[in-house]
Amino acid sequence: ATTGPAGFGSPLVPTPTPGPISALACEKQYYNPVIGFPQYYLGVDGVDVPAAKSVTCTFTVTIGGAIAATDSAKGELTAAPERNGQLFTCRTTKLDLTPDIATDVSVEIKNDLAATTSCTQTFTFPRP
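Residues numbered from 1 in each chain as written. Predicted model: local features only at pLDDT ≥ 70, side-chain atom pairs only at ≥ 80, totals over all residues. Heavy atoms only, no water.

*Asks:* Is there a simple way to think about the environment of Pro128 in this case?
*Replies:* Relative to the assigned elements, Pro128 resides in the segment after β8 (116-124). Taking the C-alpha atoms as reference, Pro128 lies 8.0 Å from Pro33; in sequence the two are 95 residues apart. Setting aside anything within four residues of it in sequence, one finds Pro128 in contact with Gly36, Phe37, Pro38, Tyr40 and Pro99. (Helix = DSSP H or I, 4+ residues; strand = E, 2+ residues; numbered from the N terminus. Contact = heavy atoms within 4.5 Å.)

Written out as structure tokens, the structure is:
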């Protein structure tokens, strides 16, 4: 593969196109730190079917098997006609969490059609 004129640049790597939406699902979990404080906003991006009207996310934060925090958030649904469904994002209020330790964040997601799904990811939050 060539890398462009005079050998500069990098080969083009296609970005995978997300597939059609067929059910309620998590796509990405993440956090945003509050600058200067051991506080963090947790978030999840997901997808749902076109018929859904509301999504609720319940976040459970666990350290060493003990629950450190819980929070719930409503997801804002936006149409994604190119994927035959909807996208949503849920974000918590700011949570006081311990930095520099492996922390499991589980999210239970439920929509108004009684569908449920969950996802879990381990984060090590940065020290402020």
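Structure shown, so let's carry the discussion forward.
*Asks:* Help me understand the packing of aromatic side chains in this model?
*Replies:* Two aromatic rings, taken as a pair, are described by how far apart their centres are and by the angle between their planes. For the structure on display, the rule yields five aromatic pairs. Centroid distance Tyr31 to Tyr40: 6.3 Å. Interplanar angle 80°. Geometry classified as edge-to-face. On the basis of relative accessible area, Tyr40 is assigned to the buried category, the value being 1%. Between the NZ or CZ atom of Lys28 and the centre of the ring of Tyr30, over which it lies, the distance is 5.4 Å. (Phe/Tyr/Trp six-rings, centres within 6.5 Å; stacked < 30°, edge-to-face > 60°. Buried < 20%, exposed > 50% of the residue type's maximum accessible area, 1.4 Å probe, protein only. Lys NZ or Arg CZ within 6 Å of the ring centre and 35° of its normal.)

*Asks:* I'm lost on the environment of Glu76 in this one. Help?
*Replies:* With respect to the element layout, Glu76 can be found in strand β4 (residues 66-80). Between the alpha carbons of Glu76 and Ser54 there is a distance of 7.6 Å; along the sequence they are 22 residues apart. Ignoring sequence-local partners within four residues, the contact set of Glu76 consists of Leu87, Phe88 and Thr89.

*Asks:* So what exactly am I meant to see when it comes to the confidence of the model for the chain here?
*Replies:* Do not read the fine detail of predicted coordinates wherever pLDDT is low. Mean pLDDT over the chain works out to 90, with 87% of the residues at or above the 70 mark. Below a pLDDT of 50 lies the segment residues 1-5, which in the model reaches four contacts outside its immediate sequence neighbourhood of four places, other chains included. (pLDDT = per-residue confidence, 0-100.)

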